[in-house]
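Residue-level structure breakdown
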Amino acid sequence: MEGTVSKDIRHNSVFGESARWKHLFIGSIILVFSVMTLMSFWYGISGDEVDMNNYGKAILEYYTSFGAERNALGMPKNLDRDGVLHFYGGFFDLLAVLVNKVSPFETYTTRHILNAWVGVLGIWYTGKICIRFSGYRTATLAAWLMFLAPFFLGHAMNNPKDIPFATAYIAGIYYFIRFYDRLPGVKWKDYIAPVMALAIAIDIRVAGILLIPFMGVYYVLNQVFHPAGRKGLKQVVLPLMAIAVCGYFGASLLWPYALQNPLLHPLKALSELSNFKVSIDQMYNGHRIPSPELPASYLLKNFIITNTYILLAGILLFFALMPFRKRNRYTAGVLFLIFVTFFPLFYIIYKHSNVYHAWRHVLFIFPGAAALSALGLGYLMDLIKAKKVRVFVSMLIIAGFLEPAYFIIKTFPDTITYYNGMVGGTKAAYYNYEMDYYYNSVREAADWFIKNELPKIPKTDTVIVGSNAEHILSVYFKDYPNLSVEYVRFHERSMRKWDYGIFHRALIREKVLQSQSWMIDGKLYAATIEGLPLCVVFKRVSYKDIQAFELVRQGKAEQAYPYFQEYRNIDPMNEIVDTVLSSFYTPAGQPQKELRLYGKGQQ
């Protein structure tokens, strides 16, 4: 079959000999691998990494203690804020912990290198699918569409859940297609790759179970659209069942929770994570909306506005031109690629699943989307016969890659903040959509503090650093015993004691963000994107607000009033103190018995 595929590629190529495109594809992968490896050294710890690193350690402890150490079956609350880690397989995190045993680099640097490599592997498997259906030209286009996609690239550096799953998902699709096309003459070794891909996908995110019924979809598509290659049900059922059973139970081998009941626990995990109850407020269309209440447009719109024009154009070209393509042996495979890319997206929208952080929960569809986009661009080139027109269109495609390339260079390492011109670009999107929700920019703020402010603090003094990203900041400051990091919500900062504050824009209210009133007095430094703050370092300008709130808690509201007034004179942008002062007196001019405390009971 591979020989036949190569013949088709040479025959269909309009750019030149396939050997040239093969070299370009391999060269592109090597270049992307090298650049992404180097880039990974500059990325920060993401919001999930601390928890997932602890989970990986717990899994290793479970196996090295022969099951005696059982934290991996239910992590302590201080290590698992949402109480769901044991429902994840943890394959990547166990791998990262093992590699960290021998790595010369710091723990999270090692994780980022591995994350980047897994991202490159996802690009590689996407290319392999493109080669199978269309050739090396399409594979080369897909490689650059993925690498020059700022959203994907940013996640590839420090997302330990979605990027490994995306790679396992596309690898599973590739190996399953290859296995099916070899039926009925498969050998035992042909089972290894699809079984491993399925097991690893489930052992990263249990949603990998979806790959099992998807096998049936590919069978049906081949029966309908590839009559010459039809296979009898008896030829297909037993081999596919073998892959499904071995992959399903194989996922439990490195997943402690599933290992307790390999038949039922993966299904229970799927049910639990499909009905995840956590509510995280998201900026969408200029408003903060609890994640369970986000409108049906949320996923699809975020996919559109955070992807590049060249990738979106390729997808549109694909759907516009594909109906006019002559049916061939690969038609069923291309239709299958459409299904595995868009069915999960629209099913999640239909089910109104709890999603947040743009479309990162469906990042696994991106390799398929990139492959379809590359096919669309290839279809366009196939239509063009005139050499000059072909050169012109080629230049347009290259120009389409320059826009995201410029953004990546300009904003590195905050590449994940990309929004295209449909919403006015990143600068306009800042006030209306999520930005750096994975806390990458906290590293820049922490590095600045260590270099510029920490030397001013006597080593004998202990200072409190308040932050709404405490779980990440604690890792950056772990080697400095005179820094005590405390979790402080931004809207409760006047009620809590801290000497320095390092606050990230995540979860700050839309009106405060849009008015820039969170740039309170005492700002020392800001990690920015296009001049707009992502994470800011503050030094406390006064403790009068804490004293005032303490008096209120003691029932001495009248005594607190002058303290509030004095603090407002120092920090006039403080919306917390303003809210309290506005509700201090009744319309009759009497002090309120109970003051309305700003932010009370809110996240």
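Structural data are supplied above this passage.
The present account deals with the structure reproduced in this document. All of these numbers come straight from a predicted model, not from anything done at the bench. (Residues numbered from 1 in each chain as written. Predicted model: local features only at pLDDT ≥ 70, side-chain atom pairs only at ≥ 80, totals over all residues. Heavy atoms only, no water.)

Digging into the overall build of the protein chain
We count it as follows: In this description a helix means any DSSP run of H or I spanning at least four residues, a strand means any run of E spanning at least two, and both kinds are numbered starting from the N terminus. Using C-alpha atoms as the atom set, the radius of gyration is obtained and then compared with a globule rule of 2.2 Å times the number of residues to the power 0.38. Note on exposure labels: buried denotes an accessible area under 20% of the residue type's maximum, exposed denotes more than 50%, and partly exposed covers the range between, all computed with a 1.4 Å probe on protein chains only. It only takes one pair of heavy atoms within 4.5 Å for two residues to be counted as in contact.
A tally of helices and strands in the protein chain yields 25 helices and 7 strands. For 603 residues, the compact-globule estimate of 2.2 N^0.38 gives 25 Å, and the C-alpha radius of gyration of the protein chain, at 27 Å, lies within 12% of that figure. C-alpha extents for the protein chain along the principal axes are approximately 90 × 65 × 50 Å. For the protein chain, buried positions account for 57% of its 603 residues. Taking the intrachain contacts of the protein chain between residues at least 6 apart in sequence as the baseline, contacts between residues at least 24 apart amount to 72%.

Points about the sheet that holds strand 7 (residues 532-539)
The condition is simple: At least two bridges found by DSSP between two strands are what make those strands a pair. Here an angle of 0 to 180 degrees is reported between the N-to-C directions of two axes, which are lines fitted to C-alpha atoms, with helices fitted over the stretch in contact.
With respect to topology, 5 strands assemble into an open sheet ordered 4-3-5-7-6, the strand pairing being mixed. For this open sheet the edge positions go to strand 4 (483-487) and strand 6 (523-529), each flanked by a neighbour on one side alone. Averaged over all pairs of adjacent strands, the angle between their axes in this sheet comes to 20 degrees, without regard to strand direction. Relative to strand 7, strand 5 (residues 500-504) is paired through 5 bridges, and the arrangement is antiparallel. Paired with Ile 502 across the bridge in strand 7 is Val 537.

Concerning the packing of helix 23 (residues 544-553) against helix 24 (residues 557-570)
So the rule is basically this: Between 65 and 115 degrees an angle is taken as roughly perpendicular, under 35 as roughly parallel, over 145 as roughly antiparallel, and anywhere else as oblique. By convention the crossing between two helices is left-handed if the near helix lies anticlockwise of the far one by an angle smaller than a right angle, and right-handed if it lies clockwise. Each residue is assigned to one class: nonpolar for Ala, Val, Leu, Ile, Met, Phe, Trp, Tyr, Cys and Pro, charged for Asp, Glu, Lys and Arg, and polar for all the others, Gly among them.
The contact between helix 23 and helix 24 brings their axes to 8 Å, and the two run at 165 degrees. Here helix 23 lies roughly antiparallel to helix 24, going by the angle between them. The chirality of how helix 23 crosses helix 24 is left-handed. Here helix 23 contributes Lys 544, Asp 545, Gln 547, Ala 548, Phe 549, Leu 551 and Val 552 to the contact with helix 24, which in turn contributes Ala 557, Gln 559, Ala 560, Tyr 563, Phe 564, Glu 566 and Tyr 567. Of the residues that constitute the contact of helix 23 with helix 24, the class distribution is 9 nonpolar, 2 polar and 3 charged.

Re the pattern of salt bridges
Filter applied, for reference: Every case where a carboxyl oxygen of Asp or Glu lies within 4 Å of a side-chain nitrogen of Lys or Arg is listed as a salt bridge.
A full pass over the atoms with the stated rule returns 20 salt bridges. With a shortest N-O distance of 3.4 Å, Arg 360 and Asp 48 are connected by a salt bridge. Here the residue Arg 360 occupies a position in the loop between helix 16 (331-351) and helix 17 (366-383), and Asp 48 occupies one in the loop between helix 2 (18-39) and helix 3 (49-64), the gap between them amounting to 312 residues. For Asp 48, a relative accessible area of 13% translates into the label buried.

With respect to helix 5 (residues 107-133)
Definition in use: Multiplying 1.5 Å by the helix residue count minus one yields the expected span of that helix. Two N or O atoms form a polar contact when they lie within 3.5 Å of each other; inside protein one atom must be a possible hydrogen donor and the other a possible acceptor, and for residues adjacent in sequence the pair counts only when both atoms belong to side chains.
If you check helix 5, its first and last C-alpha atoms are 40 Å apart, about what 27 residues at 1.5 Å a residue would give, namely 39 Å. Most of helix 5 sits out of view: 22 of its 27 residues are buried. One side-chain oxygen of the residue at the start of helix 5 lies 2.9 Å from the amide nitrogen of Tyr 108, identifying that residue as Glu 106. Once helix 5 finishes, Gly 135 follows within two positions and takes phi at roughly 125 degrees, a positive value.

Let's talk about the environment of Lys 22
Of note, Lys 22 is situated in helix 2. Among the residues examined, Lys 22 registers a relative accessible area of 37% and is labelled partly exposed. Lys 22 sits 113 residues away from Gly 135 along the chain, and the two C-alpha atoms are 8.4 Å apart.

Describing the packing of aromatic side chains
We count it as follows: A pair of aromatic rings is counted whenever rings of Phe, Tyr or Trp (Trp by its six-membered ring) have centres within 6.5 Å, and the orientation is called stacked for planes under 30 degrees apart, edge-to-face for over 60 and tilted otherwise.
The tally for this structure, following the rule as stated, stands at 50 aromatic pairs. On the numbers, 5.4 Å between centres and 70 degrees between planes, the contact of Tyr 125 with Tyr 175 is edge-to-face. Here Tyr 125 is found in helix 5, whereas its partner Tyr 175 is found in helix 8 (residues 162-182), with 50 residues between them in sequence. Ring geometry for Phe 133 versus Tyr 330: centroids 6.4 Å apart, planes at 45 degrees, classification tilted. Taken as a pair, Phe 133 in helix 5 and Tyr 330 in the loop between helix 15 (309-321) and helix 16 lie far apart in primary sequence, 197 residues in all. A network of ring pairs unites the aromatic residues Phe 151, Phe 152, Phe 303, Trp 359 and Phe 366 as a single cluster.

A closer look at the layout of surface pockets
For clarity, the cut-off: A pocket, in this scheme, is an open set of points on a 1 Å grid over the protein atoms alone with protein on both sides within 12 Å along at least 5 of 7 lines, while a cavity is a set where a 1.4 Å probe fits but cannot get out; residues line either one if an atom lies within 4 Å of a point. Grid points are joined across faces, edges and corners, and a volume is the space filled by probe spheres set on the points.
The calculated volume of the largest pocket comes to roughly 1400 Å³. Residue lining of the largest pocket: 48 residues in total, with Gly 47, Asp 51, Arg 81, Tyr 439 and His 471 positioned closest to the centre. Looking at the lining of the largest pocket, the elements that each hand over two or more residues are helix 3, helix 5, strand 1 (281-284) and helix 21 (470-476). Here the element with the most residues in the lining of the largest pocket is helix 3; it accounts for 6 residues.

Considering unusual backbone geometry
The residue after Leu 183, namely Pro 184, is reached through a cis peptide bond having omega 5 degrees. Mapped onto the secondary structure, Pro 184 falls in the loop between helix 8 and helix 9 (192-202). One non-glycine residue, Asn 285, lies in the positive phi region at around 55 degrees. Within the secondary structure, Asn 285 is located in the loop between strand 1 and strand 2 (287-290). The class of Asn 285 is partly exposed, set by a relative accessible area of 37%. For Tyr 439, which is not glycine, the phi torsion reads 65 degrees and is therefore positive.

Section: the pairing of strand 1
One ladder, built from 4 bridges, connects strand 1 with strand 2; its direction is antiparallel. Residue Met 283 lies in a different strand from strand 2, and its bridge partner there is Arg 288. Between strand 1 and strand 2, which follow one another and run antiparallel, lie 2 residues, and Asn 285 among them has a positive phi close to 55 degrees.

Notes on helix 18 (residues 387-411)
Compared with the 36 Å implied by 1.5 Å per residue over 25 residues, the 37 Å span of helix 18 between its first and last C-alpha is a close match. What helix 18 keeps buried is the set Val 393, Ser 394, Ile 397, Gly 400, Phe 401, Pro 404, Ala 405, Phe 407, Ile 408 and Thr 411.

Comments concerning the side chain of Asn 482
Within the fold, Asn 482 resides in the loop between helix 21 and strand 4. In contact with Asn 482, other than residues within four places in its own chain, are Leu 454, Ile 457, Pro 458, Lys 459, Asp 461, Thr 462 and Val 463.

A word on the packing of helix 5 against helix 6 (residues 136-147)
Helix-helix packing is characterised by the crossing angle of the two axes and by the distance between the axes. Between helix 5 and helix 6, the least distance of the axes is 8 Å, while the angle of their chain directions is 150 degrees. Classified by the angle their axes make, helix 5 and helix 6 are roughly antiparallel. Helix-helix and strand crossings are classified by hand; for helix 5 and helix 6 the assignment is right-handed. Touching Gly 122, Ile 123, Thr 126, Gly 127, Cys 130 and Ile 131 of helix 5 are Tyr 136, Thr 138, Ala 139, Ala 142, Ala 143, Met 146 and Phe 147, all from helix 6.

Topic: the environment of Thr 306
If you trace the backbone, Thr 306 turns up in the loop between helix 14 (298-305) and helix 15. Sequence spacing of Thr 306 and Asp 521 is 215 residues, and the spatial spacing of their C-alpha atoms is 33 Å. For Thr 306, the residues in contact, after removing those within four places along its chain, are Phe 151, Trp 359, Tyr 418, Tyr 419 and Asn 420. Polar side-chain contacts of Thr 306 include one of 2.5 Å to the backbone oxygen of Asn 302.

Without other data, these values stay purely geometric and don't point to any function.
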